[in-house]
Amino acid sequence: MNDKMQRIVPEGTQPLYDNYHFAPAIRVGDRIWLSGQVGINADFVAGKDMEEQARFAFEAIKATLAAAGASLADVVELMSFHTDLRGEIADFVKVKDAYFPNDYPCWTAVGVTQLAAPEYKVEIRVVAVAGSGES
């Protein structure tokens, strides 16, 4: 096992690394920590509603995990932050369940008053262990 820290900066995320000074993910050995992903597309535009923002965030998570040598099946913990937790949780769960249809990871959902931009409805972070899940 390689315990050296590796910064994971997938294609298209270099501006975030350069401008906001954070790595989209860090891998140490088989463990991978992802920074929070918000519901924006490749052009950094927020989705129109919770479902679209959740899909954008989960797609970014998938891409970041792939760049780190893992997949959604390797996610052991999911934490989501919501600006309208009670009002939009059903829409979020519908999308989450499409990405995690079985063998669910641990999940904590937290209601917050603000995210980084006023149009953001959700931010999702995960922890994964590469190779631990079924592919």
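Look a little higher up for the structure.
From a predicted model like this one, the values you see are computed outputs, not experimental measurements.

**Quick notes on the overall build of the chain**
A count of helices and strands for the chain gives 3 helices and 7 strands. Starting at the N terminus, the α and β elements of the chain follow one another as β-α-β-β-β-α-β-α-β-β. Whereas a compact globule of 135 residues would reach a radius of gyration of roughly 14 Å, the chain reaches 14 Å, a difference of no more than 12%. If you line up the chain on its principal axes, its C-alpha atoms span 45 × 35 × 20 Å. Within the chain, contacts between residues separated by at least 24 positions form 70% of all contacts whose residues are at least 6 apart in sequence. Of the roughly 7600 Å² of accessible surface on the chain, 50% is carried by carbon and sulfur atoms. One way to put it: in the chain the 12 positive side-chain charges average out to a point 3 Å from where the 19 negative ones average out.

**Quick notes on the side chain of aspartate 74**
Examined against the element boundaries, aspartate 74 turns out to sit in the loop between α2 (50–67) and β5 (75–82). Buried aspartate 74, no salt bridge; nearest opposite-charge side chain is arginine 27, N-O distance 7.6 Å. Aside from chain neighbours lying at most four places away, what touches aspartate 74 is Val127, Ala128, Val129, Ala130, Gly131, Ser132 and Gly133.

**Quick look at α2**
The terminal C-alpha atoms of α2 lie 26 Å apart, and with 18 residues this matches the ideal 26 Å at 1.5 Å per residue to within 8%. Taken as a whole, α2 has its buried residues at Met50, Glu52, Gln53, Ala54, Ala57, Phe58, Ile61, Thr64 and Leu65. Sitting at the head of α2, aspartate 49 places a side-chain oxygen 3.4 Å from the backbone nitrogen of glutamate 51. Backbone geometry just downstream of α2 places glycine 69 in the positive-phi region, at approximately 85°.

**A short note on the nonpolar core**
Ile32, Phe58, Ile61, Leu65 and Ile124 are the most contacted members of the largest nonpolar core, which has 24 residues in total. When contributions to this core are tallied by element, the ones reaching two or more residues are β3 (31–34), α2, β5, α3 (85–99) and β7 (122–129). Broken down by element, the residue count for this core peaks at 6 residues, all from α2. Residues contacting phenylalanine 58, with those up to four places away along its chain left out, are Leu78, Phe92, Val95, Lys96, Tyr99, Phe100 and Ile124.

**Some points on the packing of aromatic side chains**
What characterises a pair of aromatic rings is the spacing of the ring centres plus the angle enclosed by the ring planes. Across all of its chains, the model carries 4 aromatic pairs by this definition. Taking the centre distance of 5.8 Å and the plane angle of 35° together, the rings of phenylalanine 58 and phenylalanine 92 count as tilted. Taken together, the residues span a long stretch of sequence, with phenylalanine 58 in helix α2 and phenylalanine 92 in helix α3 at a distance of 34 residues. Residue classification places phenylalanine 92 among the buried residues on the basis of a relative accessible area of 0%. Considering the side-chain rings of phenylalanine 58 and phenylalanine 100, the 6.0 Å spacing of their centres and the 70° angle between planes classify their relative orientation as edge-to-face. Residue phenylalanine 58 is found in helix α2, and its partner phenylalanine 100 is found in the loop between α3 and β6 (106–111); the two are separated by 42 residues along the sequence.

**Points about the pairing of β6**
As paired strands, β5 and β6 are joined by 6 bridges and run parallel to one another. Directly across from glutamate 77, in β6, lies its bridge partner cysteine 106. Tracing the backbone out of β5, into α3 and back to the parallel element β6 gives a crossover that is right-handed.

The rules behind the values
- Residues numbered from 1 in each chain as written.
- Predicted model: local features only at pLDDT ≥ 70, side-chain atom pairs only at ≥ 80, totals over all residues.
- Heavy atoms only, no water.
- Helix = DSSP H or I, 4+ residues; strand = E, 2+ residues; numbered from the N terminus.
- Rg over C-alpha atoms; globule rule 2.2 N^0.38 Å.
- Contact = heavy atoms within 4.5 Å.
- Areas by Shrake-Rupley, 256 points an atom, 1.4 Å probe, with all protein chains shown as cover.
- Lys, Arg positive; Asp, Glu negative; His and termini not counted.
- Charge placed at Lys NZ, Arg CZ, Asp CG, Glu CD.
- Buried < 20%, exposed > 50% of the residue type's maximum accessible area, 1.4 Å probe, protein only.
- Salt bridge = Lys/Arg side-chain N within 4 Å of Asp/Glu carboxyl O.
- Expected span 1.5 Å × (residues − 1).
- Polar contact = N/O pair within 3.5 Å; in protein donor to acceptor, adjacent residues only side chain to side chain.
- Core = buried A, V, L, I, M, F, W, Y, C linked by side-chain atoms within 4.5 Å.
- Phe/Tyr/Trp six-rings, centres within 6.5 Å; stacked < 30°, edge-to-face > 60°.
- Pairing = 2+ DSSP bridges.
- Right-handed = clockwise from strand over helix to strand, strands pointing away.

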